[in-house]
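# Breakdown of the fold
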Amino acid sequence: MTLISTSIPNLINGVSQQPPSVRLVTQAEKQENGLSSVVDGLTKRPPTEHKNFFITGLSSQQQTDFANAFIHPIRNSDNTLHFMVVQKDGTVTICDSTGTVKSLTNNGSSYLSGLTNPSTELTATTVADFTFLVNKTKTVAKTSATSATRTPEALVHVAKADYSVTYTLSITKGGQTFTREISTMASVQDTTAASANAEKSIQTDRIASNLRYNTTTETTYYGSTSGANIAGLNFALYGNVIHIYGSTANDDFTLEVTDSRGGEHLRVFKGETPDFKKLPTQSPDNFVILVSGDNTKGQDDYYVKFNTDVTNGRPVWKETIKPGLLTTLDAGTMPHTLTYNGSAYTLGTQAYDNRLVGDDTTNAFPSFVGEKINDVFFHRNRLGFLADENVIFSEAGEYFNFFSKTVVTLVDSAPIDVAVSNNQVSILRHAVPFNESLLLFSDFSQFRLSAEQLLTPETVSIDVTTRFEASLVAKPKGAGKYVYFPTKKGAFSGLREYFVDVDTETNDAAEITAHIPSYIAGTVKSMAASSNEDMVCLITDDDATVVYPYKFFYQGNEKLQSAWSQWKFSGSVRFMEFDQSDLFFVTQYGAKVALERMNLSRDDALTDTTFPVLLDRRVKLTGNDTLPYTDATAIYVTTAGAIVSASAAATFQSGGGTVYAGVPYTLTYRFSQQVFRNQKQPITTGRLQLKNMAVVYANTGFFNVVTVPHKNLPVASRTTYTRSFTGRVVGGGTNILGTVPLDTGTYRFGLQANAQNAQIELQSDSHLPCSFQSAEVEAEFVLRSQRM
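Here is a short report on the structure shown in this document. Just so it is clear, the structure is predicted and the values come from calculations on it, not from any experiment.

## What to know about the overall build of the protein
Assigned secondary structure in the protein consists of five helices and 59 strands. If one aligns the C-alpha atoms of the protein with their principal axes, the spans along those axes are about 140 × 75 × 45 Å. A buried classification covers 50% of the 788 residues belonging to the protein. Within the protein, contacts between residues separated by at least 24 positions form 62% of all contacts whose residues are at least 6 apart in sequence. Here the protein has roughly 34,700 Å² of accessible surface; of this, 46% comes from carbon and sulfur atoms. Computing the positive centroid from 65 side-chain charges and the negative centroid from 76, the protein places the two 7 Å apart.

## Observations concerning the environment of valine 547
Along the chain, valine 547 falls in strand β41 (residues 546–555). On a C-alpha basis, the gap between valine 547 and valine 706 in space is 24 Å, while along the polypeptide they are 159 residues apart. Leave out the neighbours within four places in its chain, and valine 547 touches Cys537, Leu538, Ser565, Gln566, Trp567, Phe569, Val573, Met576 and Phe585.

## What to know about the pairing of strand β39 (residues 524–530)
Among the seven residues that make up β39, six are buried, leaving the element largely enclosed by the rest of the structure. Taken together, the six bridges between β39 and strand β40 (residues 535–540) define a ladder with antiparallel strand orientation. Directly across from valine 524, in β40, lies its bridge partner threonine 540. The hairpin turn running from β39 into β40, its antiparallel successor, is four residues long, and aspartate 534 in that turn takes a positive phi close to 50°.

## Let's talk about the side chain of threonine 337
If you trace the backbone, threonine 337 turns up in strand β24 (residues 336–340). In this structure the side chain of threonine 337 is engaged in a polar contact, spanning 3.3 Å, whose partner is the side chain of glutamine 350. Excluding residues that lie within four positions of it along the chain, threonine 337 makes contacts with Phe130, Thr131, Phe132, Thr346, Leu347, Gly348, Thr349, Gln350 and Phe400.

## Focus: the packing of aromatic side chains
Evaluation of the coordinates by the stated rule reveals 37 aromatic pairs. The interplanar angle of 70° and the centroid separation of 5.1 Å between the aromatic rings of phenylalanine 306 and tryptophan 317 together place this pair among those described as edge-to-face. Here phenylalanine 306, found in strand β22 (residues 302–307), pairs with tryptophan 317, found in strand β23 (residues 316–320); they are 11 residues apart in sequence, far enough to count as distant. Here phenylalanine 306 and tryptophan 317 have matching classes, each one buried. Relative to phenylalanine 585, the ring of phenylalanine 569 lies with its centre 5.3 Å away and its plane at 50°, an arrangement referred to as tilted. Here phenylalanine 585 lies in strand β45 (residues 582–589) and phenylalanine 569 lies in the loop between β43 (567–568) and β44 (572–579), a separation of 16 residues in the sequence. The buried category is assigned to phenylalanine 569, whose relative accessible area is 11%. Site record: aromatic cluster; members linked through ring pairs are Phe130, Phe132, Tyr352, Phe368, Phe385, Phe400 and Phe402.

## Quick word on the environment of asparagine 754
Structurally, asparagine 754 can be placed in strand β57 (residues 743–754). C-alpha of asparagine 754 to C-alpha of lysine 51: the two residues are 703 residues apart in sequence and 48 Å apart in space. Looking at asparagine 754, its side chain comes within polar contact range of the main-chain nitrogen of glutamine 756, at 3.0 Å.

## Side note on the nonpolar core
Met84, Val86, Leu112, Leu133, Leu329, Phe368 and Phe385 are the most contacted members of the largest nonpolar core, which totals 34 residues. Among residues more than four places away in sequence, those in contact with leucine 133 are Phe70, Met84, Tyr111, Leu112, Leu122, Thr123, Ala124, Pro335, His336 and Leu347. In terms of nonpolar packing, the next biggest core, distinct from the first, is built from 32 residues, Ile683, Phe772, Val777 and Ala779 among them.

## Comments concerning the pattern of salt bridges
For the coordinates displayed, the defined rule picks out 25 salt bridges. The salt bridge involving arginine 23 is made with glutamate 29; its shortest N-O contact spans 2.8 Å. Owing to a relative accessible area of 7%, arginine 23 belongs among the buried residues under this scheme. Residue classification places glutamate 29 among the partly exposed positions, given a relative accessible area of 34%.

## Some points on the sheet that holds strand β17 (residues 241–246)
The strand order across the open sheet formed by four strands is β16-β17-β12-β19, and the pairing between neighbours is antiparallel. Edge positions in the sheet fall to β16 (233–238) and β19 (266–269), since each of these pairs with one other strand and no more. The sheet shows a mean angle of 20° between the axes of neighbouring strands, taken without regard to direction. As paired elements, β16 and β17 share six bridges and run antiparallel to each other. Across the sheet, the residue bridging to alanine 236 is histidine 243, located in β17.

## As for the side chain of histidine 265
By secondary structure assignment, the location of histidine 265 is in the loop between β18 (254–259) and β19. Looking at histidine 265, its side chain comes within polar contact range of the side chain of tyrosine 167, at 2.9 Å. What histidine 265 contacts, discounting residues up to four positions off in sequence, is His157, Val158, Ala159, Lys160, Ala161, Asp162, Val165, Tyr167 and Asp259.

## What to know about the sheet that holds strand β14 (residues 176–183)
The strand order across the open sheet formed by four strands is β15-β14-β13-β18, and the pairing between neighbours is antiparallel. Each edge of the sheet is formed by a strand with only one pairing partner; in this case those strands are β15 (222–223) and β18. Across eight bridges, the pairing between strand β13 (residues 166–173) and β14 is antiparallel. Of the residues in β14, the one forming a bridge with tyrosine 167 is isoleucine 182. Packed on one face of the sheet, helix α4 (residues 204–211) meets β13 and β14 and runs near 145° to β14.

## Let's talk about unusual backbone geometry
Its identity as a non-glycine residue notwithstanding, asparagine 33 has a phi of 60°, on the positive side. Note on placement: asparagine 33 falls in the loop between β2 (28–32) and β3 (34–37). If you check the backbone angles, aspartate 388 has positive phi at about 55° while not being a glycine.

## A few points about the pairing of strand β28 (residues 390–393)
In β28, alternate side chains face the same way, and those of Asn390 and Ile392 on one face and Val391 and Phe393 on the other are all buried. Note: strand β27 (residues 382–387) against β28, four bridges, orientation antiparallel. Residue glycine 384 lies in a different strand from β28, and its bridge partner there is phenylalanine 393. Turn length for the β27-β28 hairpin, with the two strands adjacent in sequence and antiparallel, is two residues, and the turn residue aspartate 388 shows positive phi of about 55°.

## Looking at the environment of lysine 30
Assignment of secondary structure puts lysine 30 in strand β2. Lysine 30 sits 638 residues away from threonine 668 along the chain, and the two C-alpha atoms are 7.2 Å apart. Not counting the four nearest positions on each side in its chain, lysine 30 is found in contact with Val15, Thr668, Tyr669, Arg670 and Glu761.

## Some remarks on the state of the cysteines
Overall, the coordinates contain zero disulfides when judged by the stated rule. Left unpaired, cysteine 95 is separated from the closest cysteine sulfur, that of cysteine 537, by 19 Å. Cysteine 95 gets classed as buried once you look at its relative accessible area, which sits at 0%. Between cysteine 770, a free cysteine, and cysteine 537, which holds the nearest cysteine sulfur, the sulfur-to-sulfur gap is 19 Å. Under the relative-accessibility criterion, cysteine 770 is labelled buried at 3%.

Procedures and definitions
Residues numbered from 1 in each chain as written. Predicted model: local features only at pLDDT ≥ 70, side-chain atom pairs only at ≥ 80, totals over all residues. Heavy atoms only, no water. Helix = DSSP H or I, 4+ residues; strand = E, 2+ residues; numbered from the N terminus. Buried < 20%, exposed > 50% of the residue type's maximum accessible area, 1.4 Å probe, protein only. Contact = heavy atoms within 4.5 Å. Areas by Shrake-Rupley, 256 points an atom, 1.4 Å probe, with all protein chains shown as cover. Lys, Arg positive; Asp, Glu negative; His and termini not counted. Charge placed at Lys NZ, Arg CZ, Asp CG, Glu CD. Pairing = 2+ DSSP bridges. Polar contact = N/O pair within 3.5 Å; in protein donor to acceptor, adjacent residues only side chain to side chain. Phe/Tyr/Trp six-rings, centres within 6.5 Å; stacked < 30°, edge-to-face > 60°. Core = buried A, V, L, I, M, F, W, Y, C linked by side-chain atoms within 4.5 Å. Salt bridge = Lys/Arg side-chain N within 4 Å of Asp/Glu carboxyl O. Axes fitted to C-alpha atoms, helices over the stretch in contact; angles between N-to-C directions. Disulfide = S-S within 2.5 Å.

By themselves, these observations are geometric and do not establish any function.
What follows is the structure, encoded as structure tokens:
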């Protein structure tokens, strides 16, 4: 028999479900309502502060449906944090960080109709004062709006003129060909008058005027035909350009021009032209023609339109869209926008830019048309959507434009539409900006979208980084240089920590729940992450009153803390969001929904007292204030730390006092089974008889030590021993009457139990704080055989 002592250096590594001999000595069997801190040790978690009920009067069905409400945090340009809640029936409610409901004009009822599970069917992202709301069940469509069409038309351009040149214009319509031919006069004439007429005959605008069919040829020209009209065709003159156009869409025609100078003088433009530079400088407004791209220059075909409506009055040919082409995204099926004007919100359709140039080949509709949008995000000054296997970005700086503004050249700011390349179908579910790139999640793979200094259509690339199965009901969350995403393990969930190893330039996603495989019950529904507090919190669909906080701490690349535990609440937590050191909860209590706040900072005084009042749903009552909710377990605490009745609290308040009211909650920390170790190696063949234990505490007002010597016996046969520490130590410097004693020291207690059978817990259901730094164990170890 050997008398030994062992140390538990800290209590901050949370719960482990590994066998006791494998666990770290700093891990526990059970931890509820504790906060593991590398500075403060194990403390009772901070309380929640009741802000306000911002939704009330839920019907019986609405109470059931609210479990699947969609909740989105909105961070406006004025740095205020608001919360948007969308219920199954399409009801939208927005409150600020005090729980005060904000004014909302809801013009998006049609878009939000038919929801069955808003928490999975909706997604959103906020950019300044714009929140883009996506209904994943809506298929994006086009409208029937088309670009303008014109009747069949052509231009005949008299580009040059000279003496003794013959110009011929032949038009075929309805199987009949009409030909007009005129010739200019010779340069040498017998009389002065004739010479003047000859000079007139070589004016390009006069030649164009005389080639028209609906006019009579001037006597200065020699013509083969006289003036005539062609049924269904019209002729107009624009300087040296003849505009020929049909009266209706059915009045089509063909034409041919020739001149006696090898085609250098007359040019015709109908439908398309191979040379943009040869287009005339005069034309009717809105005349459209296709310019055939130059293959040697890698140019696509493009359309141009003549337009004289320019700033300085100079007519130009401008790039345009093919006539009769669909141009418009259906705003009713596109993501809606929630806009904030500093005091009120408006939800409704958003006018997205139309297609203005090109055709279905050179400037097609974005690939999300005909598909359902799975996620919306903002990255590198572009708005982005995920649809099927594609990532679609808006034009840089133009969040409502998904069409190219030119097809003549590929500009860096143009929209981007790119698909992932993988050997299996990879429907993209979520996008998370990460490490100057974009991390994309499908059910079985993770992709990394990256670019060079600028994100452009030519520099963008998507590569498979890792292949881990993911449970993507909850959107992955980033914290610092890590991204966390859930996985599914039968009836339980896990969590992976995605990171990039800078030294090896590899990507990996370490499982940080390997030691608690059956701890997180159900499917993860919502996540919150904070790099400020080094914490990730999970909510599952198994029990909404339980939150799973994960506390971690890195020193360099070494993780010194990896602590899982549980927080238990009296209401159903539907959503969480960090705001610096505050953690906000949207919590449902039957027909009412409250906004609550938990402050995680160490220097938070929280109250007017010299100690934090650890009561959930805590409210500060003065004057005629009353508890804003009904809860039979609620208690009232004066600033002196005394617990009083409701009536006594009212009397105390009326006399000018302050009372804090709330619901008590219990910290439970169950030590792991103690194992004898020899040079850190567990020895399990002997008997370890526990004798005494000591717990080091700091600034603590109350806790219980609850021990069960024979935990393996039926509950009815067990003997439970409870020892209480009240903070009042005889002779202690903090043991002053009329004050709340918060003591720092060591609490020793006896055990006398076999380590395999003993259950040792620290508990605190008090409103007073408690903090534990370490523990010491004294025991006798009997080795049943001699070790060699």
